[in-house]
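Examination of the molecular architecture
Each chain is listed here by its residues.
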Amino acid sequence: MTGRWPVTLLAVVGALLAGVSAQAAGSTLASVGWAVAAGVGLSLMLRGFGLRVVGVLLAVVSIGGIAWSAQAGQWLPLAGFVLSLVASGGFVIWGPSWRHRQRTRSDAPADLWKTMDEGVDPTDEHSSPPESD
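Rules used throughout
- For every chain, the first residue of its written sequence is number 1, and the numbers climb from 1 along that sequence.
- Local features in a predicted model are, by the rule used here, given only for residues with pLDDT of at least 70; side-chain atom pairs are given and counted only at 80 or more, and totals for whole chains, interfaces and linings are based on all residues.
- Each side-chain value is derived from all of the structure's non-hydrogen atoms; neither hydrogens nor water enter the calculation.
- Each helix is a run of DSSP H or I of at least 4 residues and each strand a run of E of at least 2, with the numbering of both proceeding from the N terminus.
- To sort residues, take the accessible area from a 1.4 Å probe on protein chains only and compare it with the maximum for the residue type: under 20% means buried, over 50% means exposed, and anything in between is partly exposed.
- Here a polar contact is recorded for every N or O atom pair within 3.5 Å, except that within protein the pair must consist of a potential hydrogen donor and a potential acceptor, and residues adjacent in sequence are included only if both atoms are side-chain atoms.
- The contact criterion used throughout is that any non-hydrogen atoms of two residues lie within 4.5 Å.
- As a per-residue quantity, pLDDT reports the predictor's confidence and falls between 0 and 100.
- Under the convention used throughout, the expected extent of a helix is 1.5 Å for every residue step, that is, one less than its residue count.

1. Looking at the side chain of serine 88
Relative to the assigned elements, serine 88 resides in helix H4 (residues 75-94). Residue classification places serine 88 among the buried positions, given a relative accessible area of 1%. Among the polar contacts made by the side chain of serine 88, one reaches the main-chain carbonyl oxygen of leucine 85 at a distance of 2.7 Å. Discounting chain neighbours no more than four positions away, the residues touching serine 88 are Gly55, Leu58 and Ala59.

Written out as C-alpha cells, the structure is:
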C-alpha cells in the first residue's frame, strides 16, 4: 500500500468515518474529523516535500482526535482517526516519492519540421507519407 491512491483512500475513509460518526452523535469532535478531510483534500494538490508537511500536520490532528474521542468515549470516531493516522504515516514516508511519470523519449512530440519535410501534415490525424514515384 505504498501508492498514492490507496493511502489517500484510506485517509478519506478514516476522515469521513470520524466526521460523520461524530456529527451523528452530536459531538463537537466532528470538526476535527472535517479538518482531517480538508487536509486530505489539500494533499491531492501537493507533490514532493509538501506531502510530507501535510502528512505531519494530519498526524498531529489525528492524534488530537484520537485523544479527544477516547476521552469522550466515542469509539467509532476513534477508529476513523486511527485510520487517518496510519494514512498520514504513508504521506510522510512515501509522499515525496509520488511524482508524475517522467516523460520518455517516445512521449516527446515529433519534430514538426522533419515531418513536414517528409511530406506529412503533422496536424492531420489521418495523413500518411506520400507515395514515391
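On we go.
2. Considering the confidence of the model for the protein chain
Confidence in the prediction for the protein chain averages 84 pLDDT; 83% of positions are at 70 or higher. Within the protein chain, the lowest mean pLDDT, 79, falls on helix H5 (residues 112-117), and the highest, 93, falls on helix H3 (residues 49-72).

3. Topic: H3
Every α-helix carries 3.6 residues per turn, so stepping three or four residues along brings you back to the same face. For H3, which comprises 24 residues, the first-to-last C-alpha distance of 35 Å matches the rise-based estimate of 34 Å (1.5 Å per residue) to within 8%. Burial in H3 covers these residues: Leu51, Val54, Gly55, Leu58, Ala59, Ser62, Gly65, Ile66 and Ser69. Buried residues in H3 make contact with helix H1 (4-24), helix H2 (30-43) and H4. Once H3 ends, the next one or two residues include glycine 73, with phi positive near 75°.

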